[in-house]
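Okay, here's what each chain looks like letter by letter:
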Amino acid sequence: MIAELFVNPLILPFNMTLLLLPPLCALVAIVYKTIRVEDLRDLPKQTIVLIVYMLAGLVALAAGLWAIHEFMP
Amino acid sequence: MRSKDNKSSTNYIRALVALVLAWIVPGAGHAFVGRPWRGVIIFITIGVTFWAGIALGGVMTVDHQEQKWWFAAEMLTGVHGLVGWQRETQQLKKLAPTIRKEIEQEEDAINAVIRERRRDLAQDNAEMANLKVSLQTSASAQDRQMLQEEIDRRQSALDNTKAEIIRQHRKLYNLRNAHTVKLLAKQNLALVAPMATLARAYAGVAGLLNLMCVFDAMMLALIGTVVGKPREDAA
């Protein structure tokens, strides 16, 4: 089962694929903050802040693009 | 002065070692420059990111033939990328005999055309060399003009033959690729949108993150951070 997981692609419905974006943001934030923070004890807090920023940015971008698509002639 | 120079060259060597280590094993560069906990976090996170991509897209997420830019990004993960590449190559090797069987006739026909064109090319090259010698030894202006025209005509034919050989090679490459893709799809190994993008984004982003870590480890080694240990790792 596990071996198959790394051989054949997963088949997910399109809507589900959007759920894979937050984990990617979290992983990017962890690595970025790991090399940026001065004190490792600050890592969890700073990572969460960055994840929130990234997701908020993506949502804002999506809303902006949706507005352009909907309301621009 | 000499001690300063020695320190500087030591730092360059340390930077080079950090660069190689950080590329081969994500996080090893940071461990090398005296930041072991950061190294562990980087190792785990980049490994998880890359293998999450492979879990989503399967063995063909690393595709060195069709997705060259993603492949380059994936190779930045060092050992993870290399293992992914090896798995992909093994998978393609398993499919090779079936593909060969399917396209045997077409492949042989194209190879025959290529061989024929190569023979023409060699013959034309030899004739061209003779014409050039004749042009140099020719005395009359009229002969030289005629020879020059003949050389130009032959050169144009030579260019066409070369272009034809390139076309046939491309045809062969496309034929193999088309059958590979068809067979991969038949065996449920081919990536399709949107999973293809997502899987490659995970694996590729892992590589780009490691590039950032490689650069950071190299800079830390260059400025000699190992001498003054950072406070969180020293604690």
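Model, not experiment: these values are computed from the prediction.

### Focus: the overall build of chain B
Reasoning step 1: When its secondary structure is counted, chain B shows eight helices and zero strands.
Reasoning step 2: Counting from the amino terminus, helix and strand elements in chain B follow one another as α-α-α-α-α-α-α-α.
Reasoning step 3: Taking 2.2 N^0.38 as the reference for a compact globule, 235 residues should give roughly 18 Å; the C-alpha atoms of chain B span a radius of gyration of 28 Å, well beyond that estimate.
Reasoning step 4: Dimensions of chain B, computed from C-alpha atoms along their principal axes, come out at roughly 90 × 60 × 25 Å.
Reasoning step 5: Taken across its 235 residues, chain B has 31% of its residues classed as buried.
Reasoning step 6: Taking the intrachain contacts of chain B between residues at least 6 apart in sequence as the baseline, contacts between residues at least 24 apart amount to 74%.

### Description of the environment of T10 of chain B
Reasoning step 1: Turning to its location among the elements, T10 of chain B is positioned in helix α1 (residues 2-24).
Reasoning step 2: Note: C-alpha distance between T10 of chain B and F43 of chain B (33 residues apart in sequence) is 26 Å.

### Some remarks on the interface of chain B and chain A
Reasoning step 1: Each partner contributes to the interface: chain B provides 30 residues, whereas chain A provides 20 residues.
Reasoning step 2: A per-element tally of the side of chain B that touches chain A places helix α3 (residues 36-57) of chain B first, with 12 residues.
Reasoning step 3: Of the residues that constitute the side of chain B that touches chain A, the class distribution is 21 nonpolar, five polar and four charged.

### Digging into helix α6 (residues 141-186) of chain B
Residue and element names in this part refer to chain B.
Reasoning step 1: Taking 1.5 Å as the rise per residue, α6 with 46 residues should run 68 Å; its terminal C-alpha atoms sit 67 Å apart, in good agreement.
Reasoning step 2: The complete set of buried residues in α6 reads T161, Q168, T180 and L184.
Reasoning step 3: Those residues of α6 hidden inside the fold are in contact with α5 (79-137).
Reasoning step 4: With its phi angle positive at about 60 degrees, N188 sits one or two positions after the end of α6.

### Brief notes about unusual backbone geometry
Reasoning step 1: Positive phi outside glycine occurs at N188 of chain B, with the angle close to 60 degrees.
Reasoning step 2: Mapping N188 of chain B onto the fold places it in the loop between α6 and α7 (195-223).

### A short note on the confidence of the model for chain B
Reasoning step 1: Of the residues in chain B, 92% have a pLDDT of 70 or more, and the chain-wide mean is 88.
Reasoning step 2: Interface predicted TM-score (ipTM) for the complex: 0.89; the corresponding pTM is 0.76.

### Observations concerning the packing of helix α4 (residues 68-75) of chain B against α7 of chain B
All names here are of chain B.
Reasoning step 1: For the pair α4 and α7, interaxial distance at closest approach is 6 Å and the crossing angle is 50 degrees. Judged by the angle between their axes, α4 and α7 are oblique. Seen along the crossing, α4 lies across α7 with a hand that is left-handed. Where α4 abuts α7, its residues W70, A73, E74 and M75 lie against R200, A203, G204, G207 and L208.

### Observations regarding the packing of α3 of chain B against α7 of chain B
Residue and element names in this part refer to chain B.
Reasoning step 1: Orientation of α3 relative to α7, taken along the N-to-C sense of each, is 160 degrees, at an axis distance of 7 Å. As far as their axial angle goes, α7 and α3 are roughly antiparallel. Considering how the two elements wind past one another, α3 and α7 form a crossing that is left-handed. Here I42, I46, T49, F50, A52, G53, I54, L56 and G57 of α3 lie close against α7, whose contacting residues are M195, A196, L198, A199, R200, Y202, A203, V205, A206, L209, N210 and C213.
Reasoning step 2: Partitioned by chemical class, the residues of the contact of α3 with α7 number 16 nonpolar, four polar and one charged.

### A short note on the nonpolar core
Reasoning step 1: Grouped together as the largest cluster of nonpolar side chains are 47 residues, with contacts concentrated most on V31 of chain A together with A18, A22, Y202 and A217 of chain B.
Reasoning step 2: Elements with a minimum of two residues in this core: α3 (21-36) of chain A together with α1, α2 (28-32), α3, α4 and α7 of chain B.
Reasoning step 3: Of all the elements, α7 of chain B adds the most residues to this core, at 15 residues.
Reasoning step 4: Apart from the residues within four sequence positions on either side, Y202 of chain B is in contact with L24 of chain A together with T49, A52, G53 and L56 of chain B.

### Concerning helix α4 (residues 43-71) of chain A
Reasoning step 1: Look at α4 of chain A: 41 Å from first C-alpha to last across 29 residues, which is about the 42 Å you get at 1.5 Å a residue.
Reasoning step 2: Within α4 of chain A, only one of the 29 residues are buried, which leaves it mostly out in the open.

### Description of the environment of I166 of chain B
Reasoning step 1: Following the sequence through the fold, I166 of chain B ends up in helix α6.
Reasoning step 2: Once the C-alpha coordinates of I166 of chain B and L131 of chain B are considered, the two residues, 35 residues apart in sequence, prove to be 26 Å apart.

Here is what the cut-offs are and how they apply
Residues numbered from 1 in each chain as written. Chains lettered and ligands numbered in written order. Predicted model: local features only at pLDDT ≥ 70, side-chain atom pairs only at ≥ 80, totals over all residues. Helix = DSSP H or I, 4+ residues; strand = E, 2+ residues; numbered from the N terminus. Rg over C-alpha atoms; globule rule 2.2 N^0.38 Å. Buried ≥ 20, exposed ≤ 12 C-beta atoms within 10 Å, placed from the backbone. Contact = placed C-beta atoms within 7 Å. Nonpolar A, V, L, I, M, F, W, Y, C, P; charged D, E, K, R; others polar. Expected span 1.5 Å × (residues − 1). pLDDT = per-residue confidence, 0-100. Axes fitted to C-alpha atoms, helices over the stretch in contact; angles between N-to-C directions. Parallel < 35°, antiparallel > 145°, perpendicular 65-115°, else oblique. Left-handed = near helix turned anticlockwise from the far one by under 90°. Core = buried A, V, L, I, M, F, W, Y, C linked by C-beta atoms within 7 Å.

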